[in-house]
Amino acid sequence: MKRRNFITTAAVGSAGLASVSGFAQDKGAQKEFKLKHNINHSVCEWCFNDIPFEEFLQTLNELGVKAIDLIGPDRWHILKKYDIHCSMCNGAEISLTEGWNNPKYHEQLIKNYTEMIPKVAEAGYTNLICFSGNRNGMNDYVGLQNCVDGLSQIMPLAEKHGVVIQMELFNQQNHPDYMCDSSIWGVELCKHLGSDNFKLLFDIYHMQIQEGDIIRSIQNYHPYFGHYHTAGVPGRNEIDETQELYYPAIIKAIHETGFSGYVAQEFIATWDDKIAALKDGFMRCDI
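Residues numbered from 1 in each chain as written. Predicted model: local features only at pLDDT ≥ 70, side-chain atom pairs only at ≥ 80, totals over all residues. Heavy atoms only, no water.

As annotated in an unreviewed UniProt entry, the chain is TIM barrel protein from Flagellimonas hadalis.

Structure, rendered in structure tokens:
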């Protein structure tokens, strides 16, 4: 192909991509919003934290979405005010990088989770997030056993109160050196702990980047997955035609496993109207 022809073709292609993005935004804004509620919908508040919190909760009520992710006990009373459920609680962890794989954090983590688990239950919630921490040169098998040793000390309390501890899976591009970076490692941890009150938070965005084959992972390992997060790949933006994952098929696969937990939107909106982007995401996941 001659250079001039190539440049012309490339320019037409770029214009096409721009029109697809624009079409997705227009389509999302115009489509009637009506949820079937075959899926329990939620959203991660941090992605929309430029919207005042109570205003955002009011919007969720208007949309008929009754849950929100990653809220700590200092704001649970506000959720109660708007009758919004906290589908994934936080506030007991130290950090993403300082987690259960390192025994030097066990004393603090055990204290944190021992105090938080009863609070979660008393508030009427179920899920509480945790993290593996970074490797820092540690062997994965050693880290797994360290997680087992530490988490085993809080699992009886979690079981007593009906709280599910959920460890999130991350990819290495966004979170270099994080240990719980594969479905298989996470599943092995679940098996070693042997408790229905320990599950994995399967972040579809992270696992598409890290290992791909999302639907097969869901089909093979769904008994160990207690919660799902969404976002577009690449970029962690909208889950529309501008990215590589086809979420209706993924959500269908989740639904077919009999999953009764929550699927939470965790994308960073690029549309001018962020609520329209969120509505579009909910609709794509509402099979």
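Novice: Kindly report on the pattern of salt bridges, identifying the contributing residues and their values.
Specialist: Counted under the stated rule, the structure contains 13 salt bridges. The closest approach of N and O atoms between Lys111 and Glu115, which form a salt bridge, is 2.9 Å. One end of the pair, Lys111, and the other, Glu115, are both in helix 4 (residues 106–122), 4 residues apart, so they sit about a helical turn from each other. Note that Lys252 and Glu256 form a salt bridge whose closest N and O atoms lie 2.5 Å from each other. (Salt bridge = Lys/Arg side-chain N within 4 Å of Asp/Glu carboxyl O. Helix = DSSP H or I, 4+ residues; strand = E, 2+ residues; numbered from the N terminus.)

Novice: Report on the environment of Gly212, specifying residues and quantitative values.
Specialist: Looking at where Gly212 falls in the secondary structure, it is placed in the loop between helix 8 (204–210) and helix 9 (214–221). Sequence separation between Gly212 and Leu245 is 33 residues, and the spatial gap between their C-alpha atoms is 9.9 Å. Dropping the residues within four chain positions of it, Gly212 is found in contact with Met207 and Ser217. (Contact = heavy atoms within 4.5 Å.)

Novice: Run through the packing of helix 2 (residues 53–63) against helix 11 (residues 274–284), naming residues and quoting values.
Specialist: One can describe the packing of helix 2 onto helix 11 by two numbers: an axis separation of 12 Å at closest approach and a directional angle of 40 degrees. Taken together, the axes of helix 2 and helix 11 lie oblique to each other. Seen from above, helix 2 lies across helix 11 with right-handed handedness. Contact residues: helix 2 offers Phe56, Thr59, Leu60 and Leu63, while helix 11 offers Ile275, Leu278, Lys279 and Phe282. Of the residues that constitute the contact of helix 2 with helix 11, the class distribution is 6 nonpolar, 1 polar and 1 charged. (Axes fitted to C-alpha atoms, helices over the stretch in contact; angles between N-to-C directions. Parallel < 35°, antiparallel > 145°, perpendicular 65-115°, else oblique. Left-handed = near helix turned anticlockwise from the far one by under 90°. Nonpolar A, V, L, I, M, F, W, Y, C, P; charged D, E, K, R; others polar.)

Novice: Can you tell me about the nonpolar core, naming the residues and giving the values?
Specialist: Judged by nonpolar contacts, the single largest core of 93 residues is most densely connected at Ile165 and Met167. Beyond its immediate chain neighbours, meaning those up to four positions away, Ile165 contacts Tyr113, Ile117, Leu128, Cys130, Leu151, Ile154, Met155, Ala158, Asn197, Phe198 and Lys199. (Core = buried A, V, L, I, M, F, W, Y, C linked by side-chain atoms within 4.5 Å. Buried < 20%, exposed > 50% of the residue type's maximum accessible area, 1.4 Å probe, protein only.)

Novice: Which residues make up the layout of surface pockets, and what values go with them?
Specialist: Of the voids in this model, the largest pocket is the one considered here, and its volume is about 200 Å³. Residue lining of the largest pocket: 14 residues in total, with Asn127, Gln166, Gly226, Phe259 and Gly261 positioned closest to the centre. Within the residue set of the lining of the largest pocket, elements represented by two or more residues are strand 5 (164–168) and strand 7 (225–230). Here the residues of the lining of the largest pocket are counted per class, giving 5 nonpolar, 8 polar and 1 charged. (1 Å grid on protein atoms, 1.4 Å probe; cavity = no way out; pocket = protein on both sides within 12 Å on 5 of 7 lines; lining within 4 Å. Points joined across faces, edges and corners; volume = space filled by probe spheres on them.)

Novice: Outline the side chain of Asn197, supporting the account with residue identities and numerical values.
Specialist: Among the structural elements, Asn197 can be located in the loop between helix 7 (183–193) and strand 6 (198–203). Its relative accessible area of 14% is what places Asn197 among the buried residues. Setting aside residues up to four positions removed in sequence, Asn197 forms contacts with Met155, Ala158, Glu159, Gly162, Val163, Val164 and Ile165.

Novice: Describe in detail the pairing of strand 7, supporting the description with residues and values.
Specialist: Burial within strand 7 is extensive, with 6 of its 6 residues counted as buried. Summarising the sheet, strand 6 and strand 7 pair through 4 bridges and their orientation is parallel. Counterpart to Leu200 in the pairing with strand 7 is Phe225. Here 3 bridges tie strand 7 to strand 8 (residues 262–265), and the two strands are oriented parallel to one another. Note on strand 8: the bridge partner recorded for Thr230 is Gln265. (Pairing = 2+ DSSP bridges.)

Novice: Which residues make up the pairing of strand 8, and what values do they have?
Specialist: Direction of pairing for strand 1 (residues 40–43) relative to strand 8: parallel, over a ladder of 4 bridges. The partner of Val43 across the bridge, within strand 8, is Gln265. A crossover connection joins strand 7 to the parallel strand 8 through helix 10 (residues 247–256); in handedness this β-α-β unit is right-handed. (Right-handed = clockwise from strand over helix to strand, strands pointing away.)

Novice: A description of the side chain of Arg284 should follow, citing residues and the corresponding values.
Specialist: Within the secondary structure, Arg284 is located in helix 11. Using a relative accessible area of 15% as the deciding quantity, one classes Arg284 as buried. There is a polar contact of 3.1 Å between the side chain of Arg284 and the side chain of Glu241. Among all residues touching Arg284, those that are not within four sequence positions of it are Ile239, Asp240, Glu241, Tyr247 and Pro248. (Polar contact = N/O pair within 3.5 Å; in protein donor to acceptor, adjacent residues only side chain to side chain.)

Novice: Outline the packing of helix 5 (residues 140–151) against helix 7, listing residues and values.
Specialist: Between helix 5 and helix 7, the least distance of the axes is 10 Å, while the angle of their chain directions is 40 degrees. It follows from the interaxial angle that helix 5 and helix 7 lie oblique. At the point where helix 5 passes helix 7, the crossing takes the right-handed sense. Between helix 5 and helix 7, the residues in contact are Asp140, Gly143, Leu144, Cys147, Val148 and Leu151 and Trp185, Glu188, Leu189, His192 and Leu193, respectively.

Novice: Describe the state of the cysteines, and please don't skip the residues or the numbers.
Specialist: Within this structure, the stated rule accounts for 0 disulfides. Of all cysteine sulfurs, the one in Cys47 lies closest to Cys44, which takes part in no disulfide; the gap is 5.5 Å. Residue classification places Cys44 among the buried residues on the basis of a relative accessible area of 0%. With no disulfide of its own, Cys180 lies closest to Cys147 among cysteine sulfurs, the gap being 7.8 Å. (Disulfide = S-S within 2.5 Å.)

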